[in-house]
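This is what each chain is made of:
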Amino acid sequence: MRRITGKGGGDSLIEMSPSESLSDGVNGYDQHASSSAASLQQGESEVDKQKLSKDSVFFRDGVRRIDFVLSYVDDKDCDKKQERRRIYEANLEKAGLELETEDKSESEDGKTYFVKIHAPWEVLTTYADVLKIKVPFKVSDMPDDREMPMNWLSTPFRLPKHIMHPEPDFFTAPFSKSKSDFFLIENQDTFFPPSTRNRIVYYILARCLYVNEDCGDKKGIKRLLNNGSYTAAFPLHDSRYWIKSKYDNCESERHDLYNHWAQFLCFFKEQPINRIRNYYGEKIGIYFAWLGFYTEMLLFAAVVGTICFLYGFLTFDENQWSKEICSDEIGGKIVMCPLCDKKCGFWKLNTTCNSSWQSHLFDNVATVFFAIFMGIWVTLFLEFWKRRQARLEYEWDLVDFEEEQQQLQLRPEYEAKCTKSKQNPITKEMEPYLPVTSKCARSCLSGATVLLWISLIIACIIGVIAYRLAVYAAFASIMKDSPTNHLEVVGPYITPQLATSVTASCINFVIIMILNLMYEKVAVWITDMEIPKTHLEYENKLTMKMFLFQFVNYYSSCFYVAFFKGKFVGYPGKYAYMFGSSLRNEECDPGGCLIELTTQLVIVMTGKQVWGNIQEALLPWVMNWWGSRKARSHPESLYSRWEQDHDLQSFGQLGLFYEYLEMVIQFGFITLFVASFPLAPLLALFNNIIEIRVDAWKLTTQFRRPVAAKAHSIGAWEEILNGMAVLSVVTNAFIVAFTSDMMPRLVYMYAYQPRGEMNMKGYINNSLSVFNISEIPYRSMPDEEENPVWFNSSITTCRYRDYRYPPGHEKEYSHTMQFWHILAAKLAFIIIMEHVVFLVKYFVAWLIPDVPSDVKARVKRERFLVQEYLHNYEVEKLKMQLSEQSNQECTCTPMIYPDLPKHELLSEVL
């Protein structure tokens, strides 16, 4: 064999000689090779008699499995594409792959060629050695001591054991071709699972040249797909999802996953994580493991949040300040100042009766407890996930994957674009590298582009806010005499506030969608421009860019309502205006800012989740239904397995990325702003139960089988979750202190209650300041026709929410001492809450080890056994070699090495 290399160096392919691809006499597999050849001949004779069903996942001989499929439409006018395909397929055969082409006359549309690819045993073992794929060498002897007390309670939620654990537990070691007989190889056809086989084939496809070596270093199936030489490249599903395969040597894993995982009636069952990993690879498997674990942990947060909500509901009648607002004697006699200039009239406080009762459901003492609880819950979730992840790393043979990822799986684009090489100080081999100056320049350009787009979305948000301020008065004037006011049912709800909110939300939605569409392409472009070295580095860079943009995009409106709206409005005689313009800063809803934040959170969160699930399920189904409308009427013999998969949607490079992004955005909603809506975890729980089954259904039925990929963790998302967990403590402390009325109430009850009683009587009158109506500037004074009929000249003062001295006082309209006491209480609460929660968080993180003790023991046991078994293997092999040499050279009795200790034997060998 020899290596097929290009100019770039780096990872290279290995050219197989014909003899090597047929037999492997060195490793003792002549017998299997001859039997395979015999079965091949027998299969060919059978094909002559009876044509193999096209629903098969095998070549025409019925023996060689199809590991990958390439499709293309022959363009006779483009000789370049034909030449690229010819050279590429020739190089694939040089690399040892076996190809079989289905003519376009055999395809459903009469235009598409399909190239079926099979990786023989020699290729699989060679690249399993190159990629250091771990394979079993001994059945595990570690006891399974994970039985939980009262485990019978979870029986209804369990799947059958053969579904959850299809294979016994093995000790594994990196495959070595020279030591093939060291591993537990019972059947070469099934030793490497289909997910591993298609990963090896894709590794070759991504690095194979499609031009002659003297013409450059152009290589990789990704480039061929981009330039249209091929239309698709994908591994096959092993069967149709609704029926098992008729062939005994086909696993029908897809059918089992559909029945036990993808159907919605299984929503209360656990997920067959090991089966998902075996079929789709570790990267998709760990996503569903994380999503399932996150959903389980949400159950505890949902229960506590529901209890806090019920507390607010049950203490409804004890809400003293709402009673005062709704009272005709108190709220009915308090005249409030106008909420906007000119077009808003004076109003009475008791008109906010309903919103004050609604606000109590979320703005009560339980809110503080729940905010602290969620800070601790986030820590428990992340720490227990680390333990779960560590267990999966061991069970899925990913313990040392990070090092393999960095050293062995360079991106083909990195190898092609890095024209310079340098010696690796560890391996002493030449490898491609990107100069520091080029890397810095690319990183600076990338960072500047990200900042530009984030600034653009912030500018759009400011524009939407300005729109709200500008059109509110216009809508108030236009809708004053609107015919809709006379409608009996909906008339009272069609208000200037509603019209402003709806139109502003529509504009904001259109802006978000346009910027999302554009930024996705920009993010991929600038990440490609940075030329990341490995696939892991590429995904992490793209993740951070997309998340920063989506963070600003989705949370900006909530941050505005929580921390800016109603905070800088001034007072009636001196209102604050946006950037010194004529646009007066927006005030909160009369019921308070917290209820408005709750409303905003509910609309954004539930709307996004409902629309997302509908879009995820409906769009692929409609596209597949339309694409396969002609082929559905064909019998099985005419609609081949590769054509069925070709008509499905491609999962795409960013398929899993958007699933993570959706869940992480949801995680932000239930942590960053949970103090304003304790039911957010409950809504997230219901959504995730549906989300798991929708994702499973569309992956099993509507998408082509993705190329299996390894991943030892959820990647950069873990760091993002950690950052959001820390930020959530700060945001919730500020929401309780500044957005809710909790601190003003406590200060009033403990320091300003006139009778010294521990109650809230008189709070409403205390929290409203007085302003002289005659001092309201002309630009802010409402027009005569805007005032209600009960308003007359005898009313000389109005009230507003603030703590300022009344007119006539020597410090009139300046802040009272109570204002500063409340501010000090708010700052003190933030400091105390943050320190308490952070202290508990870090204590819990220190208390819970990241790796379970039994997993540590298993890892140590496996490493010990690998060393011991390899040592014994080498000793036995050496004994056989010395024995053969002794029999050939002399008839004397050979040395009996087994009687010597191991270290003496090694000394003799050395």
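In this text, all values refer to a predicted model and were calculated from it rather than measured experimentally.

This next bit is on the overall build of the chain. Looking only at helices and strands, the chain features 29 helices and 16 strands. Relative to all contacts within the chain whose residues are 6 or more apart in sequence, the contacts with residues 24 or more apart total 77%. Carbon and sulfur atoms make up 60% of the accessible area of the chain, which amounts to about 44,300 Å² in all.

Next up on the list: the pattern of salt bridges. Here the structure, examined in full by the defined rule, presents 35 salt bridges. Ionic pairing is found between Glu329 and Lys333, a salt bridge with its closest N-O pair at 3.3 Å. Here the two residues Glu329 and Lys333 agree in accessibility, since each one is exposed. A salt bridge links Glu530 to Lys545; the nearest nitrogen and oxygen atoms lie 2.5 Å apart.

Another point: the nonpolar core. Counting residues in each nonpolar core, the largest one holds 121 residues, and the members touching the most others are Trp290, Tyr294, Trp377 and Tyr555. Here this core gets 16 residues from one element, more than from any other, and that element is helix α11 (residues 282–314). Excluding its chain neighbours within four sequence positions, the residues that come into contact with Trp290 are Phe381, Trp385, Tyr660, Met663, Ile714 and Leu721. Of all hydrophobic cores here, the second largest spans 49 residues; its members include Leu70, Leu97, Ala173 and Tyr394.

For the coordinates displayed, the defined rule picks out 63 aromatic pairs. Look at Phe175 and Phe192: their rings are 5.8 Å apart centre to centre, the planes differ by 70°, and that puts the pair in the edge-to-face class. Placement of the pair is Phe175 in the loop between β7 (170–174) and α6 (188–191) and Phe192 in the loop between α6 and α7 (194–205), with a sequence separation of 17 residues. You can call Phe175 buried: its relative accessible area is 1%. Overall, Phe192 belongs to the buried group, its relative accessible area being 2%. When the centroid spacing of 5.4 Å and the interplanar angle of 15° are considered together, the rings of Trp290 and Tyr294 count as stacked.

The next subject is the state of the cysteines. For the structure shown, the criterion picks out three disulfides. The disulfide partner of Cys337 is Cys798, and the gap between their sulfur atoms is 1.9 Å. With the S-S dihedral at roughly 85°, the linkage between Cys337 and Cys798 falls on the right-handed side. Note that Cys337 is positioned in the loop between β9 (335–336) and β10 (347–348) and Cys798 in strand β16 (residues 797–801), a separation of 461 residues in sequence. No difference in accessibility class separates Cys337 from Cys798, as the two residues are buried. Shown here is the disulfide that connects Cys340 with Cys344, its sulfur atoms set 1.8 Å apart. Here the disulfide of Cys340 and Cys344 is right-handed, its torsion about the S-S bond being about 95°.

Next up on the list: the confidence of the model for the chain. Summarising the model, the chain shows a mean pLDDT of 81, and 85% of its residues fall at 70 or more. Counting contacts from residues 488–493, a segment whose pLDDT is below 50, to residues more than four positions away or on other chains yields four contacts. In this model residues 892–910 is a low-confidence stretch, pLDDT under 50, and it forms 15 contacts with partners more than four residues away in sequence or in other chains.

Attention now moves to helix α10 (residues 273–280). Counting buried residues along α10, eight of its eight residues qualify, which places the element largely inside the surrounding structure. Burial in α10 covers these residues: Ile273, Asn274, Arg275, Ile276, Arg277, Asn278, Tyr279 and Tyr280. Residues of α10 that are buried in the fold lie against α5 (161–164), α7, α9 (253–262), α11, α14 (365–395) and α23 (680–701).

What follows concerns unusual backbone geometry. The phi torsion at Asp397 lies on the positive side, around 60°, for a residue other than glycine. Its location among the elements puts Asp397 in the loop between α14 and α15 (401–408).

Here we take up empty space enclosed by the protein. Under the definition given, this model contains six cavities of 30 Å³ or more. Looking at the largest cavity, its volume works out to about 90 Å³. What lines the largest cavity is simply Val57, Arg65, Ile66, Asp67, Pro194, Arg197, Asn198, Pro235, Leu236, His237, Asp238 and Arg705. Partitioned by chemical class, the residues of the lining of the largest cavity number five nonpolar, two polar and five charged.

Let us look at the pairing of strand β6 (residues 134–139). Burial within β6 is extensive, with five of its six residues counted as buried. Here β6 pairs with β7 via five bridges, running antiparallel. Bridged to Lys138 within β7 is Phe171.

Below, the discussion takes up helix α3 (residues 79–94). With 16 residues, α3 extends 23 Å from end C-alpha to end C-alpha; this agrees with the ideal 22 Å at 1.5 Å per step. The complete set of buried residues in α3 reads Lys81, Arg85, Ile87, Tyr88, Glu89, Asn91 and Leu92. In the stretch just after α3, Gly96 is the one whose phi turns positive, near 105°.

Further remarks concern the packing of helix α19 (residues 535–563) against helix α24 (residues 716–739). Between α19 and α24, the shortest axis-to-axis distance is 12 Å and the interhelical angle comes to 10°. As judged from the angle between their axes, α19 and α24 are roughly parallel. Contacts from Asn540, Thr543, Met544, Phe547, Phe551, Tyr555, Phe559, Ala562 and Phe563 of α19 reach α24 at Ala716, Trp717, Ile720, Met724, Leu727, Thr731, Phe734, Ile735 and Thr739. When the residues that make up the contact of α19 with α24 are grouped by side-chain class, the tally is 14 nonpolar, four polar and no charged.

Judged by pairing direction, the sheet is antiparallel, and its four strands sit side by side in the order β4-β5-β3-β8 without closing on themselves. On the outer flanks of this sheet lie β4 (98–102) and β8 (232–234), each paired with one strand and no other. Here the strands of the sheet are splayed against their neighbours by 15° on average, with no regard to which way each runs. Pairing of β4 with strand β5 (residues 112–118), which is carried by five bridges, proceeds in the antiparallel orientation. Bridge assignment links Glu100 to a residue of β5, and that residue is Lys116. On the sheet, α3 packs against β3 (68–73), β4 and β5 and is oriented at approximately 165° with respect to β3. Against the sheet, α7 makes contact with β3 and β5, and its axis sits at roughly 45° relative to β3, the strand it touches most.

Turning next to the packing of α10 against α11. Put simply, α10 and α11 touch, their axes get as near as 7 Å, and they point 155° apart. Compared by their axis directions, α10 and α11 come out roughly antiparallel. As α10 runs across α11, the sense of the crossing is right-handed. Residues Ile273, Ile276, Arg277 and Tyr280 of α10 form the contact with α11, whose participating residues are Glu282, Ile284, Gly285, Phe288 and Ala289. Split into classes, the residues belonging to the contact of α10 with α11 amount to six nonpolar, one polar and two charged.

Next up on the list: the environment of Trp261. Summarising the element assignment, Trp261 is placed in helix α9. Of the polar contacts made by the side chain of Trp261, one reaches the side chain of Gln271; its length is 3.0 Å.

This part takes up the side chain of His118. With respect to the helices and strands, the residue His118 is situated in strand β5. Residue His118 is classed as buried on the basis of its relative accessible area, which comes to 9%. Here the side chain of His118 touches Arg65 through a polar contact of 2.7 Å, landing on its backbone oxygen. Setting aside residues up to four positions removed in sequence, His118 forms contacts with Phe59, Arg64, Arg65, Asp67, Leu97, Glu98 and Arg197.

Cut-off values and rules
- Residues numbered from 1 in each chain as written.
- Predicted model: local features only at pLDDT ≥ 70, side-chain atom pairs only at ≥ 80, totals over all residues.
- Heavy atoms only, no water.
- Helix = DSSP H or I, 4+ residues; strand = E, 2+ residues; numbered from the N terminus.
- Contact = heavy atoms within 4.5 Å.
- Areas by Shrake-Rupley, 256 points an atom, 1.4 Å probe, with all protein chains shown as cover.
- Salt bridge = Lys/Arg side-chain N within 4 Å of Asp/Glu carboxyl O.
- Buried < 20%, exposed > 50% of the residue type's maximum accessible area, 1.4 Å probe, protein only.
- Core = buried A, V, L, I, M, F, W, Y, C linked by side-chain atoms within 4.5 Å.
- Phe/Tyr/Trp six-rings, centres within 6.5 Å; stacked < 30°, edge-to-face > 60°.
- Disulfide = S-S within 2.5 Å.
- pLDDT = per-residue confidence, 0-100.
- 1 Å grid on protein atoms, 1.4 Å probe; cavity = no way out; pocket = protein on both sides within 12 Å on 5 of 7 lines; lining within 4 Å.
- Points joined across faces, edges and corners; volume = space filled by probe spheres on them.
- Nonpolar A, V, L, I, M, F, W, Y, C, P; charged D, E, K, R; others polar.
- Pairing = 2+ DSSP bridges.
- Expected span 1.5 Å × (residues − 1).
- Axes fitted to C-alpha atoms, helices over the stretch in contact; angles between N-to-C directions.
- Parallel < 35°, antiparallel > 145°, perpendicular 65-115°, else oblique.
- Left-handed = near helix turned anticlockwise from the far one by under 90°.
- Polar contact = N/O pair within 3.5 Å; in protein donor to acceptor, adjacent residues only side chain to side chain.

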